[in-house]
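Tertiary structure, described
Spelled out from the first residue to the last, the chains are:
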Amino acid sequence: MPRNRKATQSQNKTCEILKGIAWGILTQIILIIHILVDKLLETVLEWYWKEKKTCSSLRENFFITKSATEIAGLIRKGELTSYQVCKAYIDRMKEVNPQLNAIADGPFESALEEAKKIDERLEKHEVSAREFAEKPFLGVPFTTKDSTAVKGALHTLGLLSRATERATEDAECVRLMKEAGAICVATTTVPEVNRWQETRNNVTGITNNPYDLRRTVGGSSGGEAAVISACGSAFGIGTDIGGSIRMPSFYCGIYGHKPTSGLVNMRGTTFRTGKEKNTMVAAGPMTRYAKDLLPIFKVLVGPKLASTLELNVKPNVRKLRYMYLTDIKDLKVAPVGKDMLGALRRAIRYIDSIAENPCVEVTIPGTEMTSKMWRHAMRKEPQGFDLLLGNGQPVNPIVELVKKLLGQSDFTLAAIYSLIDGILPAGNVQKIEATTRACGNAIKELLGDDGVLLVPSAPSPASFHYAPLVQIYKFSYWSLFNCLHLPATQIPLGLDSRGLPLGLQIVAAPNCDRLCFAVAEEIENSLAGWKPPFTTAS
């Protein structure tokens with residue numbers, strides 16, 4: 001080989017090494033800046049919000065802390081009446097709502113009347129074994145978010161222009177739950193048109209975290225998660241397009257499952273028809289107990305699809321293949337904190353103690369572009385945010401920004417930020433789509449039909465109110481799996497030293513939702529689960 005050629009190759013290699021070193025140094029600098037900014041933000045906002053407070057103690061009706069399936073069983077056996085259960089949850093809801101501000105509307109009286117009718121039928125032994133089988137949640141109360149239509153209830157989506165609008169029919173997921181015997185007792189708060197990481201709007205105001213009223217509940221199913229965790233509801237139905245089930249479930253210490261895209265009919269959720277194609281959004285259960293996830297999910301998908309998905313076949317968790325990811329490496333996101341990593345490590349140690357094969361760390365190409373992948377995917381969604389925000393009329397982001405500065409806008413700053421983001425350059429579309437395909441193919445190949453992936457739920461627990469305006473990309477740990485249309489379950493893993501929930505996500509291949517449920521139950525039974533955000537006073 002000629003000397004000049006050798007010299008050129010040596011120089012190129014040296015340049016590559018130097019570039020790698022420079023990039024490594026830059027990466028570390030960016031991560032350090034994230035850490036410093038988050039620490040400063042936490043310090044300033046803690047000073048601003050003053051003393052920590054949690055939601056009210058539970059003094060009576062302790063049965064409302066039980067799982068939805070347990071309560072259904074007690075109603076079937078006659079040990080509890082549906083009226084007694086619904087009244088207890090409604091009373092608790094009314095007790096904690098002044099602190100949480102999580103209720104959008106409550107069809108309380110009609111729900112209690114429905115409960116009375118169910119009790120009369122049960123007392124007269126008019127409910128057959130077949131009906132019990134077809135209605136596994138007979139007499140059990142549930143809630144859902146304001147953006148999901150409940151006939152007769154307010155359906156504002158957090159918009160002043162819809163402050164008095166009521167739904168004329170039930171969303172499909174609500175209809176299915178009602179057919180399964182459940183009673184919808186209330187609707188819960190959301191950010192405007194569901195698009196923000198904090199549940200705040202100009203109709204109902206801001207929703208508070210039951211573990212620390214100064215902190216966010218996330219979004220968009222934020223009111224739902226707060227009410228469930230505080231025992232104001234037996235369970236709930238949320239929707240998720242960028243973490244909207246898993247984020248608030250994590251912040252409020254409960255379980256939340258985002259199904260494989262396309263499994264649950266989305267008719268009636270945020271004005272969807274249920275016929276949209278290639279959408280990231282999914283509806284799924286939010287619960288205090290892992291064992292409630294599967295029975296609720298069976299209702300939402302129906303018996304035919306439940307059979308196809310083998311939901312009646314319990315996976316052997318010991319024979320599954322386990323993998324974990326500690327960091328998605330998107331530099332727009334802060335690094336995962338030690339408490340969150342500690343929770344992940346505890347789960348890994350437990351899995352290693354029961355599984356035939358050890359849990360192995362993996363790397364997935366393309367995750368460093370998560371925020372770009374989700375932003376691009378949102379641009380392809382069938383509904384335009386500007387039209388939704390304007391209740392069918394387009395909203396100009398520049399005009400709204402000027403109006404906001406003058407104190408004249410009907411929208412929050414977060415909504416205007418999302419509008420502005422929609423008119424910014426799309427980026428390198430071909431590269432983003434290629435990265436999304438490569439990332440999806442890699443993770444699906446890793447998982448197969450018998451693998452699960454453990455991933456931190458977020459870099460850190462629930463932030464103080466207003467922090468999401470700075471920590472904009474924190475949601476990327478959830479949105480990655482919306483982009484890839486994968487099922488993902490958020491599970492709680494105890495509390496940190498400040499009393500805030502920790503957690504992780506369990507991810508599986510498309511249509512393998514049953515694996516998520518099985519692993520969630522296994523970890524709940526042996527390691528951790530929901531920890532009440534209140535004390536009990538006997």
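As the structure is a computational prediction, the values presented were derived from the model and not from experiment. (Residues numbered from 1 in each chain as written. Predicted model: local features only at pLDDT ≥ 70, side-chain atom pairs only at ≥ 80, totals over all residues. Heavy atoms only, no water.)

Further remarks concern helix H11 (residues 370-379). By the criterion of burial, H11 is predominantly enclosed, with 8 of the 10 residues buried. By the burial criterion, the buried members of H11 are Thr370, Ser371, Met373, Trp374, Arg375, His376, Ala377 and Met378. The secondary structure elements touched by the buried residues of H11 are helix H14 (413-423), helix H15 (429-447) and helix H16 (476-483). (Buried < 20%, exposed > 50% of the residue type's maximum accessible area, 1.4 Å probe, protein only. Helix = DSSP H or I, 4+ residues; strand = E, 2+ residues; numbered from the N terminus. Contact = heavy atoms within 4.5 Å.)

Taken as a whole and judged by the stated rule, the model has 12 aromatic pairs. Grouping aromatic residues by their ring pairs yields a cluster made of Tyr48, Trp49 and Tyr466. Positioned over the ring face of Phe534 is Arg92, at 4.8 Å from the centre of the ring. Directly above the ring of Trp530 sits Arg288, whose terminal nitrogen or CZ lies 5.5 Å from the centroid. (Phe/Tyr/Trp six-rings, centres within 6.5 Å; stacked < 30°, edge-to-face > 60°. Lys NZ or Arg CZ within 6 Å of the ring centre and 35° of its normal.)

Glancing now at unusual backbone geometry. Between Gly219 and Ser220 the backbone carries a cis peptide bond, its omega angle lying at 5°. Checked against the element boundaries, Ser220 lands in the loop between strand S5 (205-206) and helix H7 (222-229). One non-glycine residue with positive phi stands out, namely Lys50, at about 65°. Its place among the elements puts Lys50 in the loop between helix H1 (3-49) and helix H2 (68-77).

Quantified by volume, the largest pocket comes out at close to 570 Å³. As for the largest pocket, its lining consists of 25 residues, of which Asp38, Gly337, Ser460, Pro461 and Arg498 are closest to the centre. Among the elements of the structure, H1 and helix H10 (338-354) are those that each provide at least two residues to the lining of the largest pocket. For the lining of the largest pocket, the element with the highest residue contribution is H1, accounting for 6 residues. When grouped by side-chain class, the residues that make up the lining of the largest pocket number 12 nonpolar, 5 polar and 8 charged. (1 Å grid on protein atoms, 1.4 Å probe; cavity = no way out; pocket = protein on both sides within 12 Å on 5 of 7 lines; lining within 4 Å. Points joined across faces, edges and corners; volume = space filled by probe spheres on them. Nonpolar A, V, L, I, M, F, W, Y, C, P; charged D, E, K, R; others polar.)

By themselves, these are just geometric observations and shouldn't be taken as functional.
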